[in-house]
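Summary of structural features
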Amino acid sequence: MDFLTFINGLSIFSDMSSGDILVCVITGIIALVVGLIIAFPVGVAYRRRVAEAELGSAEEEARRIVNESIKTAESRKKEALVEAKDEIHRLRSEADKEIKDRRSEVQRQEHRNQQKEESLEKKADSLDKKEEAIQEKMQAAEERLTEAEQIKKSQFEMLERISGYSEEQAKAQLLGEVEAKLAHDKALRIMQFEQQLKDEAEEKAREILGTAVSRCAPDYVAEATVSVVPLPNDEMKGRIIGREGRNIRALETLTGVDLIIDDTPEAITLSSFDPVRREIARLSLEKLIQDGRIHPARIEETVEKARKEVDAKIKQDGERAVLECGIHGMAPELIRLLGRMRYRTSYGQNVLQHSIEVAQIAGMLASEMGGVDVNLARRAGLLHDIGKALTHEIEGSHVNIGVDVARKYKESEGVIHAIEAHHNDVEPRTTVAWLVQAADAISAARPGARRENLENYIKRLEKLEEIANSFEGVDNCFAIQAGREVRIVVKPELIDDDHMVLLAHNIAEKIESELDYPGQIKVHLVRESRAVDYAK
């Protein structure tokens, strides 16, 4: 390696710091001196000159490189300082801006708070002023009230001096005059009403007397257990029977009535011991014949409509009975029970018609006796058999049921006692009770009024249905075929096909043990499941 190559190699370190460069230069100089000492024997003189020239050039070059390195380092240092100052200035500017924004926000918030405080102070001042105004008005009102009381007191004192009466004496005087005038008017009104009621009572008594006497004659026959429905032609019988008998089965199942279709031309007989069922079946059949559409769904719809019509008719019959007897203020439920008695019989006698007769006869007897409340007698006579409307639903005699019903709907004690005593269950204690008992005997004992066999027959059919209904799983039952068959509809969710056989056997055994009847009774169980859905 010659000296120039060594010097050129020093340029590699130009990017180093000035201290490192100086070390490198000194190291190079030492190496050069050692080289010169080694090469001295070859050409000391020549090389000395060359070396001195090159040494001067190298020193100058080294100084130049060192200077350039120092300048470059200083320049970079300055640049770094400038950049750092710029960054510090930027961060300071951003911080100042943020502080300025926050100060502005704080100032705005303080301004709003100041405005709110001013508004609250204004409102508080306004409320204080209003409160002061109210206090002034209340004080003025109290002063005026005190002034009015003083004026009123002075006026009363003046009136007392002028009239010569104190306040209490004046009130007593005024009330006395008003009572005297009202007593006179009241006496005149009472006399007028008494005369009017007397005239109306005499006229009504004569009318009731004539009506009661005429009703003592047998003006109707005993109730029957069959109804005949006329047909437009014999072809209608086949339509009523339906395919494989489905129509007639549906009608008998829904109504509990036995349809007898025989050789009688253009007629069908409906048989049932219950007049309500028979009436529903009759209305349903007449509507179906008139409509012409006879199928199970239509039958079910028609029977439901007929049942609603019969319910309405029951209400009308009750209202007619009350109106016919001249009774007012009776509970609506009692009126409905009276209407139900239209479809009940007692020994073949219609119970509602019998009750109306008893009411009219009792009223007639009360008016003839004088001094007895005619309205009370008629009311007690009309309600004396009200328990018979519920004997097929509630256990007990019709007397006990009637007493409970009358007490439930707030009837008077006179009516309740007459109901309780009309069959001598208790000793009659009032005149009305005796009159009702006598009127009941008159209405029941007249010729053609009752028939014993029909009553026993109906009781047997009711007992037959009661036995069937006593078993669990029975939904409904009907005694048909004049008591020779009991048709029972069971609940399909409780009784399956296997249990139907056992249930029929148990019902038959209980009928055999508890009921006396001629011939045999068919126990017919019906189990029907339905599923309904709608296509939308």
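Because the structure is predicted, anything quoted here is derived from the model rather than measured.

1. Observations concerning the overall build of the protein
The helix and strand tally for the protein stands at 16 helices and 8 strands. Taking contacts inside the protein between residues at least 6 apart in sequence as the whole, the part at least 24 apart equals 64%. Roughly 34500 Å² of accessible area belongs to the protein as shown, and the carbon and sulfur atoms make up 54% of that amount.

2. Structural notes on a negative patch on the surface
Together, E117, E118, E121, D125, D128, E131, E132 and E136 give the surface a local cluster of negative charge. Mapped onto the secondary structure, E132 falls in helix α3 (residues 44-163).

3. So, the sheet that holds strand β7 (residues 485-490)
Read from one edge to the other, the open sheet built from 3 strands follows the order β6-β7-β8, with strand pairing classed as mixed. Both edges of this open sheet fall to β6 (474-480) and β8 (522-527), since each of them pairs with a single strand only. Going across the sheet, the axis of each strand differs from the next one's by a mean of 20°, ignoring polarity. Where β7 meets β8, 6 bridges bridge the pair, whose relative direction is parallel. Within β8, the position partnered with V490 by the bridge is R527.

4. Some thoughts on the packing of helix α8 (residues 296-325) against helix α10 (residues 351-369)
Helix packing geometry: the angle between the two helix axes and the distance between the axes. Two numbers describe how α8 lies on α10: the axes approach to 10 Å, and their chain directions differ by 15°. Considered as vectors, α8 and α10 are oriented roughly parallel to each other. For the crossing formed where α8 meets α10, the hand is right-handed. Contact residues: D317, R320, A321, E324 and C325 in α8; L352, I356, A359 and Q360 in α10.

5. A closer look at the side chain of H422
Following the sequence through the fold, H422 ends up in the loop between α13 (413-421) and α14 (431-445). Given a relative accessible area of 3%, H422 falls into the buried group. A distance of 3.3 Å separates polar atoms of two side chains, one belonging to H422 and the other to D385. Apart from residues lying up to four places away in sequence, H422 is in contact with H384, D385, H398, V399, V436, Q437 and D440.

6. Some words on the environment of E157
Within the secondary structure, E157 is located in helix α3. Considering only alpha carbons, one finds E157 and E167, 10 residues apart in sequence, at a separation of 9.0 Å.

7. Describing the nonpolar core
Counting 42 residues, the largest nonpolar core has M330, L338 and L382 as the members making the most contacts within it. At the level of secondary structure, the elements contributing two or more residues to this core comprise α8, α9 (332-340), α10, α11 (374-383), α12 (398-408), α13 and α14. Looking at this core, the element that brings in the most residues is α10, giving 9 residues. Excluding residues that lie within four positions of it along the chain, M330 makes contacts with V322, I335, L338, R379, L382, L383 and E411. Core analysis: the second largest hydrophobic core is formed by 24 residues, A250, A281, I299 and Y343 among them.

8. What about the pairing of β7?
In terms of burial, β7 is a largely internal element, 6 of the 6 residues being buried. Burial along β7 is two-sided: the residues E485, R487 and V489 and V486, I488 and V490 are all buried. Summarising the sheet, β6 and β7 pair through 6 bridges and their orientation is antiparallel. Paired with V474 across the bridge in β7 is V490.

9. With respect to the pattern of salt bridges
If the charged atoms of two oppositely charged side chains come close together, the side chains can form a pair. By the definition in use, this model includes 25 salt bridges. We note a salt bridge from D291 to R298, for which the minimum N-O separation is 3.1 Å. On the basis of relative accessible area, D291 is assigned to the partly exposed category, the value being 30%. On the accessibility criterion, R298 (16% relative accessible area) is buried. Between D385 and K388 there is a salt bridge, with its nearest N and O atoms 3.6 Å apart. Judged by relative accessible area, which is 1%, D385 ranks as buried. Judged by its relative accessible area of 13%, K388 is buried.

10. Focus: a nonpolar patch on the surface
Nonpolar side chains collect at one region of the surface, where I26, I30 and V34 lie side by side and expose about 260 Å² of accessible area between them. Along the chain, I26 turns up in helix α2 (residues 18-39). Of the residues examined, I26 reaches a relative accessible area of 43% and is grouped as partly exposed.

11. Remarks on α8
Under the 1.5 Å per step criterion, the end-to-end length of α8 is 43 Å for 30 residues, consistent within 8% with the ideal 44 Å. Considered for burial, the residues of α8 that qualify are R298, I299, T302, V303, A306, V310, I314, D317, G318, A321, V322 and C325. Directly beyond the C-terminal end of α8, a positive phi value near 70° is found at G326.

12. Some remarks on the environment of L251
Mapped onto the elements of the fold, L251 is located in helix α6 (residues 246-255). Taking C-alpha positions, L251 is 8.7 Å from S284, a pair spaced 33 residues apart along the chain. Leave out the neighbours within four places in its chain, and L251 touches G256, L259, S284, L285, I299 and V303.

13. Things to note about the confidence of the model for the protein
Taken over all residues, the pLDDT of the protein has a mean of 80, while the share at 70 or more is 84%. Of the regions scoring below 50 in pLDDT, residues 10-15 engages in 7 contacts with residues more than four places distant in sequence or in other chains. With pLDDT under 50 throughout, residues 215-223 is counted as low confidence; its partners more than four residues away or in other chains account for 24 contacts.

14. Details of the side chain of D440
Assignment of secondary structure puts D440 in helix α14. Of the polar contacts made by the side chain of D440, one reaches the side chain of H354; its length is 2.7 Å. Reaching out from D440, the side chain makes a polar contact with the side chain of H384 at a distance of 3.4 Å. What D440 contacts, discounting residues up to four positions off in sequence, is H354, V358, H384, H422 and H423.

Definitions and limits used
Residues numbered from 1 in each chain as written. Predicted model: local features only at pLDDT ≥ 70, side-chain atom pairs only at ≥ 80, totals over all residues. Heavy atoms only, no water. Helix = DSSP H or I, 4+ residues; strand = E, 2+ residues; numbered from the N terminus. Contact = heavy atoms within 4.5 Å. Areas by Shrake-Rupley, 256 points an atom, 1.4 Å probe, with all protein chains shown as cover. Patch = residues over 30% accessible without salt bridge, like charges linked within 9 Å, V, L, I, M, F, W, Y side chains within 5 Å. Salt bridge = Lys/Arg side-chain N within 4 Å of Asp/Glu carboxyl O. Lys, Arg positive; Asp, Glu negative; His and termini not counted. Charge placed at Lys NZ, Arg CZ, Asp CG, Glu CD. Pairing = 2+ DSSP bridges. Axes fitted to C-alpha atoms, helices over the stretch in contact; angles between N-to-C directions. Parallel < 35°, antiparallel > 145°, perpendicular 65-115°, else oblique. Left-handed = near helix turned anticlockwise from the far one by under 90°. Buried < 20%, exposed > 50% of the residue type's maximum accessible area, 1.4 Å probe, protein only. Polar contact = N/O pair within 3.5 Å; in protein donor to acceptor, adjacent residues only side chain to side chain. Core = buried A, V, L, I, M, F, W, Y, C linked by side-chain atoms within 4.5 Å. Expected span 1.5 Å × (residues − 1). pLDDT = per-residue confidence, 0-100.

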